[in-house]
Structure formats: structure tokens, C-alpha cells
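Coordinate analysis (summary)
Each chain is listed here by its residues.
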4 protein chains.
Amino acid sequence: MNYQQILESIRRDIEPLKCEGKQADYIPALAAVDPDQWGICIDTLDGHQYKLGDANVPFSLQSISKVFALTMALSLAGDDLWQRMGKEPSGTAFNSLIQLELEHGKPRNPFINAGAIVMADLLVERLSNPEQAFINLARDLSGQPSIDYNFEVARSEHGVAYLNTAIANLLKYHGNIVGDIDRVLRFYFMMCSIEMSCEQLAHAFLAFANHREPFDHAGFRLTASQVKRMNAIMQTCGFYDEAGEFSYLVGLPGKSGVGGGIAAVFPGQYSVAVWSPRLNAKGNSVMGLKSLELLTTQSRQSIF
Amino acid sequence: MNYQQILESIRRDIEPLKCEGKQADYIPALAAVDPDQWGICIDTLDGHQYKLGDANVPFSLQSISKVFALTMALSLAGDDLWQRMGKEPSGTAFNSLIQLELEHGKPRNPFINAGAIVMADLLVERLSNPEQAFINLARDLSGQPSIDYNFEVARSEHGVAYLNTAIANLLKYHGNIVGDIDRVLRFYFMMCSIEMSCEQLAHAFLAFANHREPFDHAGFRLTASQVKRMNAIMQTCGFYDEAGEFSYLVGLPGKSGVGGGIAAVFPGQYSVAVWSPRLNAKGNSVMGLKSLELLTTQSRQSIF
Amino acid sequence: MNYQQILESIRRDIEPLKCEGKQADYIPALAAVDPDQWGICIDTLDGHQYKLGDANVPFSLQSISKVFALTMALSLAGDDLWQRMGKEPSGTAFNSLIQLELEHGKPRNPFINAGAIVMADLLVERLSNPEQAFINLARDLSGQPSIDYNFEVARSEHGVAYLNTAIANLLKYHGNIVGDIDRVLRFYFMMCSIEMSCEQLAHAFLAFANHREPFDHAGFRLTASQVKRMNAIMQTCGFYDEAGEFSYLVGLPGKSGVGGGIAAVFPGQYSVAVWSPRLNAKGNSVMGLKSLELLTTQSRQSIF
Amino acid sequence: MNYQQILESIRRDIEPLKCEGKQADYIPALAAVDPDQWGICIDTLDGHQYKLGDANVPFSLQSISKVFALTMALSLAGDDLWQRMGKEPSGTAFNSLIQLELEHGKPRNPFINAGAIVMADLLVERLSNPEQAFINLARDLSGQPSIDYNFEVARSEHGVAYLNTAIANLLKYHGNIVGDIDRVLRFYFMMCSIEMSCEQLAHAFLAFANHREPFDHAGFRLTASQVKRMNAIMQTCGFYDEAGEFSYLVGLPGKSGVGGGIAAVFPGQYSVAVWSPRLNAKGNSVMGLKSLELLTTQSRQSIF
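Note that the structure is predicted; figures quoted are calculated from it, not measured. (Residues numbered from 1 in each chain as written. Chains lettered and ligands numbered in written order. Predicted model: local features only at pLDDT ≥ 70, side-chain atom pairs only at ≥ 80, totals over all residues.)

**A short note on the overall build of chain A**
Condition: Comment: elements are numbered from the N terminus, with helices defined as DSSP H or I runs of at least four residues and strands as E runs of at least two. C-alpha atoms define the radius of gyration, and 2.2 Å times the number of residues to the power 0.38 defines the globule rule. With C-beta atoms placed from the backbone, a residue is labelled by how many other C-beta atoms lie within 10 Å of its own: buried for 20 or more, exposed for 12 or fewer, partly exposed between the two. We call two residues in contact when the distance between their C-beta atoms, placed using the backbone, is within 7 Å.
Scanning chain A from terminus to terminus reveals 13 helices and nine strands. Its C-alpha radius of gyration of 18 Å places chain A within 12% of the 19 Å reference for a compact globule of 304 residues. Structurally, chain A occupies a C-alpha span of about 55 × 40 × 35 Å along its principal axes. Per-residue burial over chain A gives 62% buried out of 304 residues. When contacts within chain A are restricted to residue pairs at least 6 apart in sequence, long-range pairs at least 24 apart make up 69% of them.

Structure representation (C-alpha cells):
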């Protein structure tokens, strides 16, 4: 498959969308990003790389980092993790408290904020230095020891984190947070602040595209079956209340973040990372979504 | 792949579950079915068939028939269909009115009852004889001209259809039903009453597993891309509030019905139908779900 | 107290509001009413009457008739009535299905549509000719044998009653409707279609202002304590999601209808009926509400 | 009216209920209270006092203190207060987050926790020493300079206040908390920790029963009309999701607290305080509710 040619074609086709949407601006560090950027990178399991645009510019992973958190949590707790959260699509915005109250503090899935905060609690509880363990995993997966947190972003987010603090307190009220709320949230925001470029992110997700071999990185291990199940969760829960739309238009498991990034995998074939800061009303990158739709349409390859 | 051997192994492994769950009994015709039945059939795109158990016993398709309705609706209306309903997982039970009221009469997806009733309205409006067109499609897909409605089931269901009548009236209130409510519901219950055996159903779903060629049956046409998108909707919305669980454990697009049947596809490879009347609390067949989980686990084949 | 002088003063003070709000127009008969009308009438327990404006023009009682239905239901069923509905304010619009589904078909109170439909079912079940019994009560309370239903209004409403039909079906699904849905709704809409003038309505409500003697009209009997409790329910539930506002601004038990009427009582002193067709966003008469606020403010008399 | 005789009769009649319900035990100080206590005190506007049982034992006012907070907030902000909260019954439990999220951080009324936290924020913002001002008002109203906070109770509650912290953060997220969350909650829990006996509490509420004269205590002033409107809010919102029941059975404006106290007023006549620690499922005192129901039934006096 001539992916490079497809990427060139995508670049032309998304041009009309370049002013649509609005980047996240709830903290200064995200508001300061030049919104007129777009990059994409594909890594295939047989060792090729295809990239275009601003594929080497690091950006804030935000919710994409929840995939790494789930990797660690599943590796440490196995299916016991599902005692503390579900794996069903939420059908609501990522930060809603309503469902969490109705379901007595059991988050619908690991990728809404409530679920990721419970995972952060589990990691803080189980690991002596969760921040170090998390960054080690990210570095190992991406093959880039230089990857790091953006402490300024983590600090800023924590400072205005009223909604996530509300969620964490509601979880604690229902007994689904073991540790200290502030400690858990500090780690949660550190995870979200990690930065990668499309090139690094595509490389990091190659491990999830490889569904035939066990996963073994930075001390975290998953069976091949567990890797496939992580893909299943990305598929049904990776895009908040736009999961169905992404599944319909793109047809790949993936995860988005408000930094404008999206990572996805075509199991057995490739991983892809795309980035563009302008978001639609649901909080997903406008040009990122369109790029992936065009990729699976033009390559005629999707999981369906 | 030696599917026949896998089916034999599945039969042994599900044995302990044979008394779990409870068949649908809200109408006499469903309550009268012998619950201790189990059948399965796989049809591969390269022309093989593998079956076991009560694979030739006809059962009531119920919600599985919504897949055929979506085929017809997409063929007739194309993406205009999405003006009248969404394609997001509902996160709630199949017959909930709450979400429908909050979202002003626009059903979350085609596979909850509200969505299927809107599709029924569209088909009643567009087709001179929707009942005939629907049965023609079912017969053509299954290759069995003998397939038919069970009029007694349709009549019984219509007689106790308070919740679906409530849904239809709420849809009409919001302007999302064009036709006469009774007429639309009559067709809706006729669709649900259709009966097939696992063998017939697997054959009928082979058309959705075939994602490389356009779909053209009984006058209804879909592009290959549309077929893939139907699979995407089955994947995210096919199992009500257990869609995530099915995706996690099985990893195939599919659709279940309260008659105890489940049909699923492994795109590019095979279709499968399984049937066993005892249902779990979410309304999905206990042994059916387990059979498909074992199938993808033992074959190590899923979309992820 | 010089009520006549207060009424004159009210007429001057509400003048600026005369173009605010919008009359109900979901059926032709209501849409055809001249919206620029306003009438008010006070009946005191010591036998005086004070009136002003269009106090003799009959209008459609609509939801105000639910007070008469509650009178009959309490008289027939006593506190058993509360097995089938609550007596708590709903906090939602009068026609919401959400709460009803969450609370498994038990309406929050008798004055939301769901509660009134359950009362209609009870009356249809217990009375051989509920329409006759209802109109007898209305005639006896108002002292006007000429009072009657508006059949055209009842028929029109029934014809577009998608939401109320949805409610009735949801009630039936939960086993909270015994009779035939169409029969129950026919009676429900007949009740709502009854017409009175302010003068007649004030007279009819005098029986509820009289909290010292048992109620005994047209064969329906309530103890003095039951009359007081009916006032309590009017106080907390009589104005849908504006009950608190009415309590705060007016401070009298009362009931409004989309025909633009409001009836209220000052227990031990007087009853009052006011009418003006233009409604606010909550479905209550703009000038009616203001008139009553001015009445209790200027007379310095309220239950608080 | 021979209230003393009625109180004696009440004491006999509630005897069978003495083991029903369960006292609040979420903090040690409340769990340690002897649950088998009951006291009642009536203060009439013409200067008589009637009491019985443990009427001199101080107890934790908890939510009853919200009435004093509303007094201060209305005095300071007037009707501007309603920009920040509603005055409608909530129809839900006192600590629900669902409604608050749906209504974008505007609490339904001043007496649910969210509303009281917003009032606490307003008082912290407007007063240089809100704790002092609050206790001054309580001392002035009760005529007892010895009345005080229970610091241990305030500290304990703050320590386990996950749900209220969630509420406060959600309010802050929606911009409806101006000050520092911890500061606001510290004051909120101080208010709740205040202790009074029935005798002191009845005396304090006499000011609300007096609806003919302006309110002027400890520097806080309300018009007679505002006092009546406070009673209206107690009537519709004073008992969480049991407001309708209280209105129906008792028929007086009042306010309950999880300490087991209830204060109520019969405007123009008397105030009453009753206390008994065992609570029903809604968080209201079992014997307290029954005592007040018997009081208005036997005296045949209520606002209706």
C-alpha cells in the first residue's frame, strides 16, 4: 500500500477544513499553541514509516495518555480492574458527573475522566514511584528517552481542576478512591501533561497494533488477548460521545486528546498518529478526524 | 482453520452454563420455546459451512431483524437517515424513553427500539408494500424462499406493546414519525417476528462479512463502504448496554435478539449465527455470548 | 378588607404586562381565543363577591380541572390513592416522561399529567358514568347547571395527544393503568375541556377555602382534614416547576391551566379565580400570576 | 388552645414509634448521641411557652441552620440572591449532583446543600467575620448568649465531606463560588455544627412566625414580606424530597436537620421545635415528623 501517496492526498483534501474548530484554551499552555499545525505519521508492523506535515512537533497527549494508564492498570490488576469500573461506552461527555452519581461511583469505562482517575489511584497505590513508572513506559514504547512531562501544563491544569476534583471527591465518597485525592490528581495531571510528536506517538502505539505477540515494556506485561481487548475498549470508548461516529467514519480503534492528537491502530498492520489543535464541539481534532477517515477510505482498510 | 473442531470444543465448554438465564416470556409464543436448545453455524466467504447442535431449528429473530431494516433504510435514504437518528451507543437499555426525551425524539442509534421504529416509519413511507419487500430481502439473503413471518408472534407483541407504543408516540410528538403510529408499529412487529434457523441466519449475514463487494439483494444496494459502516454500527450499538462487554469478550460486529439469537461477522472471513433461548439480565443469550467468546478466543481471530 | 379597590389597583398595575407571553395554540380552539382578555373574581366565605374585567367570559379550565378529579379520587379511594402516585413536587415540566420512567410508572403527584391520567383511570374504573359524575360535581360546586364540556376541545386535544398517549402507555406498561387506554384518555380530555368563567370558578373553589367543614357535593365527600390536605397538594404541586415561585410571590394554594386560568384559595377567607390567556414559558398565565401576587401583597394576606 | 395537653397526648401517641429509624452516624459526635430522646417546645407570639420531654437538651442543628443563613443572605443581597440559586423544590435528595450539573451550577433552592454552600460563599465574601456574625444572629434570635458552635462536629464533618466538596467544586467550575473552596466549606460546616435545645430553637424561630413586623436581629433586617417569603421557601423546600409529605401531613413551613431536629412555624401564632435523633430513610426525624402531624391534627390549626 502506498501510504505516502495517500498522506499527500489527505493533506490536499483536508485543506478546506483548516480554519474549522477551536483549540483548547482552558490553560495558557494549550491556548498558546499555534493552531494552524497538522502532522501525521504511520508506522507499519513490517517496519516502514510514513509521515507528513508537523509530524515532529511535540504536543500535549492529554487523554491519549489514558491508554498507557490502562496498559499499566491491566498489567497490574488484570480483570480485577473491572471491579472498579465498567467497559461500556458512556454515551455522555467525558467529564459528566451525572452517570457517575447514578451508578454509585463506578465509572462507565477507563477513558472517561472518572475512570482514568480511578486508574491513577490504583497506580499510586501499587507503584512506589508511579510518575517514574509511567514515563518509563512512555519512553520505552516510543523508543525516545527524551520524552517527558510538561510540569507547567500539569500544574496549570491542577490549578483549575474544579470538575475533576468534584469527580474525585464523588469517587472517594463512594469508596472508589483509596488514596489521598490531591496525590491522585497530581499524578493524573502529570500523566495528561506528557508530550510526544506524531512520530513518537505512532511508534508508541505500534505495540497495540501488534496483536499476535505478548506486550512486554518497561516491566508491564499483557497477553496478546489483553492487547486485543485494549483495542476493543479504544474502539467503543475512545472518543467519548463521538465513539460511534469515529467507528462509522474511520473504523479503527483509537484514542483522542484535547491537545488535538489522535492515535489509532489497524491491528496486524500499522499504527497512526495525527495531530491538529483545532477541536470540534465534542473535543476531538477536526483535521485529525478527517485525516483518519480519508486514510481508511482511500486505503480501503479498516477493521470492518 | 478447523472451525468444526472449535465448535465441538465450544459445545463442551458451555455445558456448565446450560441452566443459566431465563428465556423471554412476555408473549406466549416465546415462552413456549424449549429453552434447552443451542445451535451454531458458521459460513465462510470461501464457501464452507460448519454447524452443530440445533442449527436447523427456526427461532424468532426479534431485534436481529433491525440489521435488515437498516440495510433497507440505508439503501433507500443513504446518509440522510442520520438526520433522523444518531449512530452513537446509547449506554442504556434498548427500550428507554429517558434519552429519547432528553434528545428531543432523535433516537441514539438504529438498533434501540426507538431507532428501529423510525426506520419502520421510513420504510412504510417509501415502499408500497414494506412487508413484502422486507421478507423478499430476508429470503434472498438467506437463500431460503420458505422463510416467513410468524403472524401469531407479531400479533401477540403488538397486543402488549405499551412501551413501544409510548416510544412511537413520543417520536410522533417530536415529529420523527411521519406515518400512522399503528401502521408503523404493525410493520415493526412483523419485522421482529421473522423466523430463521442458525443455518439460514449465518447465510443471510454472509453478505455483511463480504466487505469488498457492493451489496445487491432483492433490489436493495449498498456500496462496500456502506457495508463496512453497517458493521461499525453493529460493533458499537448491537448489544444495547452490553456493547462494550461484547466488543471486549468477542471482538466481532454483531446483533442479538430476545429470541436468543446472535448473528456476527468476521469481515473478510465468515459470518456466524448462534442461538440459545436463555437470556442474561441484559437480554442477550447466555450460551450464545459464551459461544462467540470461545470462538474468537480459540480461533485467535477477531477484528482487534 | 376593600377587595374591590385592590382589584381596581391590580388592573392598573398589570397594564404594562398586557402583551407579554403567548397563549396556548396547540389546538385551534385555544388558538382562537382573543388573548387580550383579563378577568378576576373573589368569593369570600362570608358571602361577598368582588369581580372585575372579563370575569364572566367562560374559558377552558384545562389542568385546573385536575383539582376536581382529585376531589373525586380522594373521596372514592381515600389514602389508597397514594399507592398509585406520590404527593411530592416534581421539579420538572408537567408532561415529562423521564421521572415517570425512573420511578417505574408511579407519578410524582396528582397534578402532573401522568398523575391526572391515573386518576382518570381510577374514576373510569369506579364510576359507571364518570363524565356525568364529573360534570355534576363541577355544576354543583359552581352553582351553575349550565356548565359543560367543550366537546370540540376534547376531540382536538385527543387527536394530537401524542405525549399524553406516550405517558398513558408507559403507565400501562408499569401496571398503573387498569382500564383501556383510549377510554381513559377520552375521559381525561373531557375533564380538561370543561369551561367556566372566573365568577363560576371562584364560586367552585370556595368549597376548598372552607377548611372547617366537611365537603359534600354531588355525592363526593371529604373530611375537613382532607380538604386541607388538598390545599397542601395545590400549594406544593399546583404550578409544575414554578410551584416554588408561586409560593414565594403569592403564598396561596392554587392551580393553573394552559387555558390561562388560575384558581387559588386563602383558607378560611376567600377563593379567587383569575384568567388571562397569555402564558409564560412555564405555561402559567402572565397577568394571572401578577394579579395574584399583587392581591396578596396589597391585602397583606397569605398563608405565610 | 391548650397546647400543653396536646403535647402530653402527642407523647403518648408517638410511643410506638420510639425504636423506628436510625440516627445519623457518619461522624462520631452524631453517632454518640443517645437516640432514645425526644423533646418538644412551642413558643406563642402572645408570650406563652409549652414544652415536654428533653426540651432542654442541646442538639446539632445541622441543616436547620440554613434558615439562619438564608436570613443573612436575603438581608445582605435581597432578591439578587436568586441570580445564584432558584427557589423551586428539588424533588431529589439534598446532596444530589445530578440536578446541579444539568442546571449548570445553579442550585435549585437555598436549602439543598448546594444552595447553602453558595450562601456560605456569599456570606464569606460580604462579611469580615462570618462565623461571628452567624453566631451573633443565633444568640440574638434565641435570646441565649451561651449558644455556640461545636468545633469537634465541624471538624469531623469537614474531614469526611467528600460529597459536599464535590458539590463545591462543581459550583466553582460553573462560577457560582467566588471564594476559596476550603474557606467556604469551613464556614459551611461551622454553621451546621451550631447546637441548640428545643426551647432555644423554638424561641429563635418565633421571629419567623411573626409575619406582621419587620425582622431586625443582630444587624440583619428583613421586611415583613421577606419573612413571609422565607416561610414560603421553608414550606416548599424545607424537607428535601419529603416536602410534599410534610406539607400534606403537617401543613406548616419548617426545616429539618440530620441531627434529628425540626423547627416549624404557624404564622401569626407560634413557633415549634421538636427533636428526636432517629431518622427515616429521607433523613427526617421519625418522631419529630409524627409529633408535628399530631400537633396540627389535634389543634386543627395549619396554614391550609
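Past the structure itself, the notes keep going.
**Quick look at the relation of the copies chain B and chain A**
Using the following cut-off: Least-squares fitting of one copy onto the other uses the C-alpha atoms of those residues that reach a pLDDT of at least 70 in both copies.
Screw-axis analysis of chain B against chain A gives a translation of 0.0 Å along the axis, an RMSD of 0.0 Å, and a rotation angle of 180°. Here the transformation between the copies is reduced to the relation of a two-fold axis. Both copies share a contact surface, since 100% of the interface residues of chain B are interface residues in chain A too.

**Some thoughts on the pairing of strand 1 (residues 39-44) of chain D**
Residues and elements named next belong to chain D. Condition: Two strands form a pair only when DSSP identifies at least two bridges running between them.
Counting buried positions along strand 1 yields five of six residues, so the element is predominantly enclosed. Taken together, the five bridges between strand 1 and strand 2 (residues 49-53) define a ladder with antiparallel strand orientation. Bridged to Asp43 within strand 2 is Gln49. Adjacent in sequence and paired antiparallel, strand 1 and strand 2 are bridged by four residues, among which Gly47 carries a positive phi angle near 95°. Pairing geometry for strand 1 and strand 9 (residues 270-275), over six bridges, is antiparallel.

**Things to note about the packing of helix 3 (residues 65-77) of chain D against helix 5 (residues 113-126) of chain D**
Residues and elements named next belong to chain D. Applied cut-off: Lines fitted to C-alpha atoms define the axes here, with helix axes fitted over just the stretch in contact, and angles between the N-to-C directions of these axes take values from 0 to 180 degrees. Note on angle classes: values under 35 degrees are labelled roughly parallel, values over 145 roughly antiparallel, values of 65 to 115 roughly perpendicular, and the remainder oblique. Should the near helix be turned anticlockwise from the far one by less than a right angle, the crossing is termed left-handed; should it be turned clockwise, right-handed. Note on residue categories: nonpolar means Ala, Val, Leu, Ile, Met, Phe, Trp, Tyr, Cys or Pro, charged means Asp, Glu, Lys or Arg, and polar means any other residue, Gly included.
For the pair helix 3 and helix 5, the least separation of the axes is 10 Å and the interaxial angle reads 50°. In terms of their interaxial angle, helix 3 and helix 5 are classed as oblique. The way helix 3 lies across helix 5 gives a crossing that is left-handed. Touching Lys66, Ala69, Leu70, Met72, Ala73, Leu76 and Ala77 of helix 3 are Ala116, Met119, Ala120, Leu122, Leu123 and Arg126, all from helix 5. Its residues placed into classes, the contact of helix 3 with helix 5 shows eleven nonpolar, no polar and two charged.

**Remarks on the environment of Ala224 of chain C**
All names here are of chain C. Along the chain, the position of Ala224 falls in helix 11 (residues 224-237). A sequence separation of 16 residues divides Ala224 from Phe208, and the C-alpha atoms of the two residues are 9.3 Å apart. Among residues more than four places away in sequence, those in contact with Ala224 are His211, Arg212, Glu213 and Pro214.

**Examining the interface of chain B and chain A**
Each side of the interface is counted separately: chain B has 31 residues, and chain A has 31 residues. With nine residues, helix 11 (residues 224-237) of chain B is the single largest residue contributor to the side of chain B that touches chain A. By residue class, the composition of the side of chain B that touches chain A is ten nonpolar, 14 polar and seven charged.

**Side note on the confidence of the model for chain A**
Basically, it comes down to this: Known as pLDDT, the predictor's confidence for each residue is given on a scale from 0 to 100.
Of all residues in chain A, 100% attain a pLDDT of 70 or more, and the chain-wide mean is 96. We note a pTM of 0.94 for the whole complex and an ipTM of 0.93 for its interfaces.

**Brief notes about the sheet that holds strand 7 (residues 254-256) of chain D**
Note: strands within a sheet are paired through backbone hydrogen bonds, in either parallel or antiparallel orientation. Residue and element names in this part refer to chain D. With respect to topology, five strands assemble into an open sheet ordered 2-1-9-8-7, the strand pairing being antiparallel. Each end of this open sheet is capped by a strand with a single partner; those strands are strand 2 and strand 7. Sheet twist, expressed as the average angle between the axes of neighbouring strands with direction ignored, equals 5°. When strand 8 (residues 261-266) meets strand 9, the two strands line up antiparallel, connected through six bridges.

**Comments concerning the relation of the copies chain A and chain D**
In the superposition of chain A on chain D (RMSD 0.0 Å, axial shift 0.0 Å), the rotation amounts to 180°. Of the interface residues in chain A, 100% have counterparts in chain D that sit at the interface too, so the contact is made through matching surfaces.

**Let's talk about the sheet that holds strand 9 (residues 270-275) of chain A**
All names here are of chain A. Across the sheet, which stays open at both edges, the five strands sit in the order 2-1-9-8-7 with antiparallel pairing between neighbours. Single-partner strands in this sheet number two, and they are strand 2 (49-53) and strand 7 (254-256). This sheet shows a mean twist of 5° between the axes of neighbouring strands, independent of strand direction. Of the strand pairs in this sheet, strand 7 and strand 8 (residues 261-266) are connected by three bridges, and their pairing is antiparallel. Residue Gly254 lies in a different strand from strand 8, and its bridge partner there is Ala264.

**Considering the arrangement of the chains**
Here chain A and chain C are not in contact; the least distance found between their C-alpha atoms is 11 Å. One finds no contact linking chain B with chain D; the least C-alpha distance across the pair is 11 Å.

**Remarks on the interface of chain A and chain D**
Interfaces are frequently sized by the accessible area removed from exposure as the parts join. On the chain D side, the residues contacting the 13 residues of chain A number 13 residues. Elements that contribute at least two residues to the side of chain A that touches chain D include exactly helix 4 (98-102) and helix 8 (162-173) of chain A. Its residues assigned to classes, the side of chain A that touches chain D shows eight nonpolar, three polar and two charged.

**Regarding unusual backbone geometry**
Residue and element names in this part refer to chain B. Phi angles above zero are rare outside glycine, and His104 is one such case at about 55°. By the secondary structure assignment, His104 is in the loop between helix 4 (98-102) and helix 5 (113-126). The backbone of Ala218 sits at a positive phi, close to 50°, despite the residue not being glycine. Topologically, Ala218 is positioned in the loop between strand 5 (215-217) and strand 6 (220-222). According to the C-beta neighbour criterion, Ala218 is partly exposed, with 19 such atoms within 10 Å.

**Quick word on helix 5 of chain D**
Residue and element names in this part refer to chain D. Quick reminder of the rule: For a helix, the expected span equals 1.5 Å multiplied by the residue count minus one.
Along its 14 residues, helix 5 runs 20 Å from first to last C-alpha, staying within 8% of the 20 Å computed at 1.5 Å per residue. Counting buried residues along helix 5, twelve of its 14 residues qualify, which places the element largely inside the surrounding structure. Residues of helix 5 that are buried: Asn113, Ala114, Gly115, Ala116, Ile117, Val118, Met119, Ala120, Asp121, Leu122, Leu123 and Val124. The inward-facing, buried residues of helix 5 contact helix 3, helix 4 (98-102), helix 6 (130-142), helix 8 (162-173) and helix 9 (181-193).

**A short note on the environment of Tyr50 of chain C**
Residues and elements named next belong to chain C. With respect to the element layout, Tyr50 can be found in strand 2 (residues 49-53). Spatially, the C-alpha atoms of Tyr50 and Leu7 are 8.0 Å apart, while their sequence positions differ by 43 residues. Filtering out sequence-adjacent residues up to four positions away, Tyr50 remains in contact with Tyr3, Gln4, Leu7 and Ile42.

**Looking at the domain arrangement of chain A**
Residues and elements named next belong to chain A. Rule in force here: Where a domain begins and ends is set by an automatic assignment or by a domain database.
Partitioning chain A into domains gives domain 1 (3-62 + 195-299) and domain 2 (63-193). Here the C-alpha centre of domain 2 lies 20 Å away from the C-alpha centre of domain 1. Each partner contributes to the interface: domain 1 provides 35 residues, whereas domain 2 provides 37 residues. Listed by contribution, the elements that provide at least two residues to the side of domain 1 that touches domain 2 are helix 2 (28-31), strand 4 (195-196), helix 10 (198-209), strand 6 (220-222), helix 11 (224-237), strand 7 and strand 8. Per-element tally for the side of domain 1 that touches domain 2: the top contributor is helix 11, with six residues. Broken down by class, the residue content of the side of domain 1 that touches domain 2 amounts to 19 nonpolar, twelve polar and four charged.

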